[in-house]
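# Analysis of the macromolecular model
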Amino acid sequence: MSLTWYVVVSAFVFAIGAGGVLVRRNPLVILLCIELMLNAANLALVAFARAHGNQDGQVFALIVMVVAACEVAIGLGLIVALFRQRLPIDVDELRELQG
Amino acid sequence: MAEVVFFIAAIGVIAGAVGTVTLRNPFYSVLALVFHLLSLAALFLLLRAEFVAAAQVVVYAGAVMVLYVFVVAYVGGDRSALAAPVGPRLKVLSGLFALALLVELCIAMIGTTLTVLDGQGTGFFAGFGSPREIGRLFLTDFLLAFELASILLLIAAVGAVLLARRRSGLEMAGDLSVADVMRGTHGTPGPAELETQAEAAGPAPR
Amino acid sequence: MSIELLGWLVLLFPLAGTIVIALGWRALPGRASGWIGTAAIAGAFVCSILTLLELESHGHEERQIVAVAWDYAASLGVDAQMSILIDPLSVFMILVVSGVSMLIHLYSVSYMGSDEGYRRFFAYLNFFVFSMLLLVLAGNFLLLIVGWAFVGAASYLLISFWYRRTTATSAGIKAFVINVVGDVGLVLGTYFILDGTGSVDYLKVFGAVEESFSVNDGDLVAGCLLLLVGAFAKSAQVPLHTWLPDAMEGPTPVSALIHAATMVTAGVYLIARMHPLFEHAPTAADVGAIIGCLTLILAATIAIVVTDVKRVIAYSTMSQIGYMVMGVSSFAYTAGLFHLMTHAFFKALLFMAAGSLIGAMAGVQDLDRMSGFRKAMPFTFGAFVIGGLALAGVPPFSGFFSKDEILAYTAAREDWHIVLTVVGYIAALLTATYTFRLIFRAFYGDPSPEARELEHGHLYHAEEHTNPATGEVEDTDVGFPGPEHHIAEREGSMKIAMGALAVLAIVGGFLQIPKVTEVLHHFFEPTFANSEYFEELEPSGTLTAVGLILGAALSLLGIAIAYALWVRERGRPAAIRQRAGFVHRVLVNKWYFDEILEFMVVRPSAWFGRFARNTFERVVVNGLLVVGTSGAVRAGSAAVRAAQSGYLRYYVTLLLGGVVALALYFLLST
């Protein structure tokens, strides 16, 4: 298996994640799709690490995981705060920042 | 043998991704993502990244997804359709963009001059991908990134606590939102909010 | 003192007077500004006399001196300099201008004494004298234009001196607009001359006119005709004459100075100064002569029926300037300029006397209400008679010699110019008639109430001050005439000024008695040395004698007619008016020139202005440019604002679209 396959899979997942961000209205699911994209990036990184024969890519992937975890924490905290304020959990309804 | 495992894992990855995007119930989306993550861990193993795979399963699928499950249980979420109030135009457009992105990436990769991807990769030594090597790298070459990552985690933890904090008594003026005013609840906490038990009992009626 | 310095001093004295009065008016008590103004002009007059003496001490060939102060634009190829030309013609003009101005300033010290705008008056008056002196002393076309424009501006300021009177301000605007037409003509004419000869300096142009143009060259004729337009506007010749009668809205000293003695003579000076150009383009000169002739007869006919004292004298001025224009356009330079000088004397005298008369009538200028002032105002009456005799051309007064000299010269031209002479004599008859009509009506007959009061030693004072033309009530605050009126019998300075002018009106003629004392003719020789006609054109002895006798006879006849109509048979004029009603109407309406100009010029301009406002301004400028640009900006910003819809997914779509495009770019560029 050439490594190209792995990178192609990563591209697929990334595109699916991007499409998901665009079409879903529930912010939770949008966050999930963002996770998808991050994972796709991780896969690509690890594949390249294997390609080059050093582990820098893997370290990078671990850091990405850390960032993803932080972002999830904050994002979910936001959603909980929204829910507490009795606001609709729907990105199309939440549009006060319009001009 | 490796090819078979690869294909099974790859199919799992993509199926999980598609499931995350298309399933109506957000809970099911979370479960699909978990499946996706586990398949991804298998792919990582194929790439000789053992520690990353382990971290993926333990941290990502274990902790982060559990967090998601809790929040989905708390918040719920409508079984909303994919249609948007802005119109079907947006759906078409977004599909198009995603497709375009995919095509571009594939062209980029397949047509790349990076010959390194054509093979199995360069040779690797015995401890490639092991925790010892990763740890060594973290504490020597990538020490700064390591430290910054820990600070980031701290910030995120503090931020999450702040965001989800319940305020007792009257809300501050800055917390008042237009939606609130429009809905008629001018910031004074309703009777249901003041009761901790009611909070835990389930989603408040909207 | 060198002659150049004296020349500049002549200019600087009035300028200094203006500045001192204009800037320091608060510090000047009472009549001090009046005396400062008069002193400034007196200084200019003294310097003029000294300049004359200096000039005489030069050799006969070196009597054209150019004094250059600085170069304006030497590098542009146009020799624009601040230079004055001191030669017999300009010295003559500065003597006349500063002398008569000095006397009028003296007169105004008392005449304007009770006016709130006293200091403003003298500042303006000094400015005017400065501008006029600049005009006549200018050594090149540029300074001429500057002086010309300044004089027009000063005229506007002085005509609308009582600025709260709408009649005065409209008269000022009318005068200024017509003067601007003349300015345009002058500037365009200068352009033609500059284009042809390559210079704006007088002496260089006059030297180069023979090589640069052929005789009656189209460009030269065009340039001269344009210069004539300027001259006609300034000198109130047909058809640019309608401003002069209305200009009588200004105070009487203004009428005396500007509209009798100095500004209106600027046109005559211009033609005399540009004589090489006009002699080289006889067509233009002929046009000038014809217009001058037309004006003189037209004005004389109108003067017979007008009932406003100052307007009678104004039309008489127009007529006499017509004589002068006719004279210098027929190349009778000495005669024309001689008449300029004598006219300045007796016309200023007449205006001063009229001012005194109007003072006795408490501001009323209507001849119909005046009669029998002879016993009450003997000095004024004497001044009027002397001025009137000089104007009518009765020997041995000055007007006789000058006017008849012009007519003799035009007869000496021997071609169609004879017609001009005939018309001139007819007008002379009319001149005598209308002049003495004025005198007989105002001073003879039963005394009017105002005269009766004055006989008892009490100057008539109206309780309510009204605009004499429209009758609307005015107060005597700033912008309106003052509450008091001054007459010559009571004011010393007025008497001195009028007396001096009366003496000059009597003896001034002896300077240039044809064939006998040709002082002026010899004096002017250096200026007109390059003229073909100056020496050659001379009426024979017989012609001169016949002319003089004919002139004297006609003027006496005119006086007799006036006496008959307005003293002996007092009912005749009314009867004549009834019989010749149509003629009378035409004359009273000033030959309908105002109406014609209104129809041909004012209405189209007003229409164009309205059109410009409605169509161009509203549609193009406002609609297209102003509202259009702001509308375009607003539309653009609205379009951009639409992107801020607030929908998260919309933003993400755009983001993704951008990423895709960027990736595409990078893909394609490899």
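Rules used throughout
- Residues numbered from 1 in each chain as written.
- Chains lettered and ligands numbered in written order.
- Predicted model: local features only at pLDDT ≥ 70, side-chain atom pairs only at ≥ 80, totals over all residues.
- Helix = DSSP H or I, 4+ residues; strand = E, 2+ residues; numbered from the N terminus.
- Buried ≥ 20, exposed ≤ 12 C-beta atoms within 10 Å, placed from the backbone.
- Contact = placed C-beta atoms within 7 Å.
- Nonpolar A, V, L, I, M, F, W, Y, C, P; charged D, E, K, R; others polar.
- pLDDT = per-residue confidence, 0-100.
- Axes fitted to C-alpha atoms, helices over the stretch in contact; angles between N-to-C directions.
- Left-handed = near helix turned anticlockwise from the far one by under 90°.
- Expected span 1.5 Å × (residues − 1).
- Arc of directions from axis to C-beta.

Next up on the list: the overall build of chain A. Along the backbone of chain A there are three helices and zero strands. Starting at the N terminus and ending at the C terminus, chain A contains elements arranged as α-α-α. Counting over 99 residues, chain A shows a buried share of 62%. By sequence separation, contacts in chain A at least 24 residues apart represent 47% of the contacts at least 6 residues apart.

Our focus in this paragraph is the overall build of chain C. Secondary structure summary: chain C contains 27 helices and four strands in total. For chain C, the proportion of its 670 residues judged to be buried stands at 53%.

This brings us to the interface of chain B and chain A. With 79 residues of chain B in contact, the opposing surface of chain A contributes 66 residues. Of all elements in the fold, only helix 1 (2-22), helix 2 (26-46), helix 3 (50-75), helix 4 (88-110), helix 5 (131-139), helix 6 (143-163) and helix 7 (178-183) of chain B reach the threshold of two or more residues within the side of chain B that touches chain A. A breakdown of the residues in the side of chain B that touches chain A according to their chemical character gives 57 nonpolar, 14 polar and eight charged.

What follows deals with the confidence of the model for chain A. Chain-level statistics for chain A give a pLDDT mean of 88 and a share of 97% at 70 or above. Of all secondary-structure elements in chain A, the lowest mean pLDDT belongs to helix 1 (residues 3-23) of chain A, at 90, while helix 2 (residues 27-52) of chain A reaches the highest, 92.

One rule of thumb: low pLDDT means the predicted coordinates there are not for detailed reading. With 99% of its residues at a pLDDT of 70 or more, chain C shows a mean pLDDT of 87. Here the complex is predicted with pTM 0.69, and the ipTM for its interfaces comes to 0.91.

On to the packing of helix 18 (residues 417-443) of chain C against helix 23 (residues 541-568) of chain C, then. Residues and elements named next belong to chain C. Their axes nearest at 7 Å, the elements helix 18 and helix 23 cross at an angle of 35°. Considering how the two elements wind past one another, helix 18 and helix 23 form a crossing that is right-handed. Residues Tyr425, Ala428, Leu429, Thr431, Ala432, Thr433, Phe436, Arg437, Phe440 and Arg441 of helix 18 pack against Leu550, Gly551, Leu554, Ser555, Leu557, Gly558, Ile559, Ile561, Ala562, Tyr563, Trp566 and Val567 of helix 23. Classifying every residue of the contact of helix 18 with helix 23 gives 15 nonpolar, five polar and two charged.

Below, the discussion takes up unusual backbone geometry. Across the chain, the bulk of peptide bonds are trans and the bulk of non-glycine residues have phi less than zero. Between Val238 of chain C and the following residue, Pro239 of chain C, the backbone shows a cis peptide bond with an omega angle of -5°. Within the secondary structure layout, Pro239 of chain C lies in the loop between helix 8 (218-235) and helix 9 (243-246). Cis geometry is found at the peptide bond from Pro395 of chain C to Pro396 of chain C, where omega equals -5°. Structurally, the position occupied by Pro396 of chain C is in the loop between helix 16 (378-392) and helix 17 (398-412). The phi torsion at Arg48 of chain B lies on the positive side, around 60°, for a residue other than glycine. The topology assignment puts Arg48 of chain B in the loop between helix 2 and helix 3. Here Arg48 of chain B falls in the partly exposed class, since 18 other C-beta atoms lie within 10 Å of it. Phi angles above zero are rare outside glycine, and Phe331 of chain C is one such case at about 65°.

So, on to the environment of Arg95 of chain A. Within the secondary structure, Arg95 of chain A is located in the segment after helix 3 (56-84). When sequence neighbours within four positions are dropped, the list of residues in contact with Arg95 of chain A reads Ser645, Gly646 and Tyr647 of chain C.

Looking now at the environment of Ala344 of chain C. Residue and element names in this part refer to chain C. Mapped onto the elements of the fold, Ala344 is located in helix 15 (residues 333-360). Residue class for Ala344 comes out buried when judged on the 25 C-beta atoms lying within 10 Å of it. Spatially, the C-alpha atoms of Ala344 and His259 are 9.8 Å apart, while their sequence positions differ by 85 residues. Apart from the residues lying within four places of it in its own chain, the contact partners of Ala344 are Val96, Val100 and Ala261.

By a widely used convention, the size of an interface equals the accessible area lost when the partners come together. Counting residues at the interface gives eleven residues for chain B and ten residues for chain C. Across the side of chain B that touches chain C, the residue classes tally to nine nonpolar, one polar and one charged.

Turning next to helix 27 (residues 648-669) of chain C. Residues and elements named next belong to chain C. An ideal rise of 1.5 Å per residue puts 32 Å on 22 residues; helix 27 measures up with 32 Å between its terminal C-alpha atoms. The complete set of buried residues in helix 27 reads Arg649, Tyr650, Thr653, Leu656 and Val660. Along the axis of helix 27, the buried positions cluster into a sector of 125°, meaning they face one direction only. Looking at helix 27, the residues exposed on the side facing more than 90 degrees away from the buried face are Gly658, Leu662, Tyr665, Phe666 and Ser669.

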